[in-house]
Amino acid sequence: MFPRMASRSGSMLCPHCGKLIGRDEQHCPFCGAWNPALYGAAPVLQRFFGRQLHVVPFIIGLCVALYLVSLALEPQAIFAGGGGIFNLLSPGTRALYQLGMTNGPMLQSGWWWTLLTAIYLHGGVLHILFNMMWVRNLGPAVDETWGPARAFVIFTVSGAVGFLVSDLFTGTPTIGASGSIFGLLAALIVFGRRHGHVQMTGQLWQWAIVMFVLAFFMSSVNNWAHAGGFLGGWLTASFMRSTAERREGLGIQAFALLLLLATLAGFVLSFMRVPA
């Protein structure tokens, strides 16, 4: 999945100005950026986020894969949640904890990684279906307007902030990508406001408000995570530049890769610490 480190010979695009430069340049001759090759790591990061990490398919694929794993880990629980439509094909509680479900006591015990892992877990077939539909609808627009690394950072930070708010104010077990989805909505609203897309911004506000209000009529929906995710997406996007303003730099690409590695490591840590 991860490409090997590139050599320091040859050429590359400066991550700051986008001009073609030598990989051994100490400073970019066009914009003056120091060490643009980042000791050979810059071409790797550019290739990974430009060609290999397709954010939306990756998110959807990981969510679906983990949903199937959660069903396989505790198959006897699939039909034990009652006959309600929202409990259709629900994973067991133990399986979800094994994969990284979050709650207040776990966060207080130092299981910080569950703020990341819980984003990719879902509690039933309708839960994952609706969430992936929204990821598929909003994700490409965020990828295009902010760039793949920034889009992944927005998605991850929004979900983590949503779960942090939920864990602090309710403490109840929670999972799902809906907090991240509200963060994607917020990021598109920030972009629309910044670039004067009034009609698009108004439509996005309508979606966010309708989704938030409807959630009050569903007992199993965590609006604390939604509100926190929206706040996380808004703040994250507000502190970043869009692709129309600046190319993705090495810093944001490295941060996105760090979040990805931390999330993958979190699944391993949860699985090792929760008894089978």
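Starting afresh in each chain, residues are numbered from 1 along the sequence in its written order. Under the rules for a predicted model, residues below a pLDDT of 70 receive no local features and side-chain atom pairs below 80 are neither given nor counted, while totals for whole chains, interfaces and linings still include all residues. Each side-chain value is derived from all of the structure's non-hydrogen atoms; neither hydrogens nor water enter the calculation.

So, on to the overall build of the protein chain. Here a helix means four or more residues in a row that DSSP labels H or I, a strand means two or more in a row labelled E, and each is numbered from the N terminus. Helix and strand content of the protein chain: eleven helices and two strands. Ordered by position from N to C terminus, the α and β elements of the protein chain give β-β-α-α-α-α-α-α-α-α-α-α-α. The contact rule is simple, with two residues in contact once any of their heavy atoms fall within 4.5 Å. Considering only contacts in the protein chain between residues 6 or more positions apart, those separated by 24 or more positions represent 71%. Note on areas: Shrake-Rupley with a 1.4 Å probe; residue coverage comes only from the protein chains shown. Of the roughly 13200 Å² of accessible surface on the protein chain, a fraction of 67% belongs to carbon and sulfur atoms.

The rule for a salt bridge is simple: a side-chain nitrogen of Lys or Arg has to be within 4 Å of a carboxyl oxygen of Asp or Glu. For the coordinates displayed, the defined rule picks out one salt bridge. Across the pair E245 and R194 runs a salt bridge, and its minimum N-O distance is 2.9 Å. Taken together, the positions of E245 in the loop between α10 (223-238) and α11 (250-273) and R194 in helix α8 (residues 178-195) put the pair 51 residues apart, joining distant regions of the chain. According to the relative accessible area criterion, R194 is partly exposed, its value standing at 32%. Accessibility here uses a 1.4 Å probe with only protein chains present; expressed as a share of the type maximum, an area under 20% marks a residue as buried, one over 50% as exposed, and anything in between as partly exposed.

Mapped onto the elements, T114 comes out in helix α5 (residues 114-117). Using a relative accessible area of 0% as the deciding quantity, one classes T114 as buried. A sequence separation of 149 residues divides T114 from T263, and the C-alpha atoms of the two residues are 8.4 Å apart. Contacts of T114, omitting those with residues within four sequence positions, involve G100, M101, T102, M106 and S270. Under the rule applied, a polar contact is a pair of N or O atoms within 3.5 Å (in protein, one hydrogen donor and one hydrogen acceptor; residues adjacent in sequence only if both atoms are side-chain atoms). Within the structure, the side chain of T114 is placed 2.9 Å from the side chain of T102, a separation counted as a polar contact.

On to α10, then. Taking 1.5 Å of rise per residue, the 16 residues of α10 would be expected to cover 22 Å, and the 22 Å separating its terminal C-alpha atoms lies within 8% of that figure. Of all the residues in α10, the buried ones are N223, A225, H226, G228, G229, F230, G232, G233, T236 and A237. With a side-chain oxygen positioned 3.1 Å from the backbone nitrogen of W224, the residue opening α10 is N222. Expected span of a helix: the number of residues minus one, times 1.5 Å.

Here we come to the packing of aromatic side chains. Note on aromatic pairs: each is described by the distance of the centres and the angle between the planes. Here is the rule: rings of Phe, Tyr and Trp (six-membered ring for Trp) pair when centre to centre is within 6.5 Å. Planes less than 30 degrees apart are stacked, more than 60 are edge-to-face, and the remainder are tilted. Per the stated rule, a full pass over the model turns up twelve aromatic pairs. A positively charged side chain is recorded as over a ring if its NZ (Lys) or CZ (Arg) lies within 6 Å of the ring centre. The angle to the ring normal must also be within 35 degrees. The ring of W111 carries the charged tip of R273 above its face, separated from the ring centre by 5.9 Å.

It is worth spelling out the environment of G139 at this point. Among the structural elements, G139 can be located in helix α6 (residues 125-146). The exposure class of G139 is buried, given its relative accessible area of 7%. With 82 residues separating them in the primary sequence, G139 and P57 have C-alpha atoms 9.4 Å apart. The contact partners of G139, leaving out residues within four places of it in the chain, are V56, W134 and L184.

It is worth spelling out the packing of helix α7 (residues 148-169) against α10 at this point. The geometry of α7 relative to α10 is characterised by a closest axis approach of 7 Å and an angle of 140° between their N-to-C directions. Overall, the two elements α7 and α10 adopt an arrangement that is oblique. As for how α7 packs across α10, the hand of that crossing is right-handed. Residues V153, I154, V157, S158, V161, G162, V165, S166 and F169 of α7 form the contact with α10, whose own contacting residues are W224, A225, G228, G229, G232, G233, T236 and A237. Residue type decides the class: Asp, Glu, Lys and Arg count as charged, Ala, Val, Leu, Ile, Met, Phe, Trp, Tyr, Cys and Pro as nonpolar, and the leftover types, Gly among them, as polar. Within the contact of α7 with α10, the residues separate by chemical class into nine nonpolar, eight polar and no charged. Helix axes are fitted to C-alpha atoms over the stretch in contact, other axes to C-alpha atoms as well, and angles between N-to-C directions run from 0 to 180 degrees. Reported orientations rely on four angle classes, namely roughly parallel under 35 degrees, roughly antiparallel over 145, roughly perpendicular from 65 to 115, and oblique for the rest. Here a crossing is taken to be left-handed if its near helix is turned anticlockwise relative to the far helix by less than a right angle, and right-handed if that turn runs clockwise.

A separate point is the environment of S238. With respect to the helices and strands, the residue S238 is situated in helix α10. Separated by 51 residues in sequence, S238 and A187 place their C-alpha atoms 7.9 Å apart. Not counting residues within four places of it along the chain, the set of residues in contact with S238 comprises V190 and R194.

Here we take up a nonpolar patch on the surface. What goes into a patch is any residue over 30% in relative accessible area without a salt bridge, connected to like charges within 9 Å or, for nonpolar side chains (Val, Leu, Ile, Met, Phe, Trp, Tyr), within 5 Å. Together, W205, I209, V210, V213, L214, F216, F217 and M218 make up an exposed nonpolar region whose accessible area comes to about 830 Å². Considering the arrangement of structural elements, one finds I209 in helix α9 (residues 198-215).

A few words on the nonpolar core. Here, the term nonpolar core denotes a set of buried Ala, Val, Leu, Ile, Met, Phe, Trp, Tyr and Cys residues that are joined through side-chain atoms within 4.5 Å. Ranked by size, the top nonpolar core spans 64 residues in total, and within it I59, Y120, L138, W146, I154 and F155 carry the most contacts. Here this core takes ten residues from α8, the largest share from any one element. Contact partners of I59, with chain neighbours within four places excluded, come to Y120, V135 and F155.

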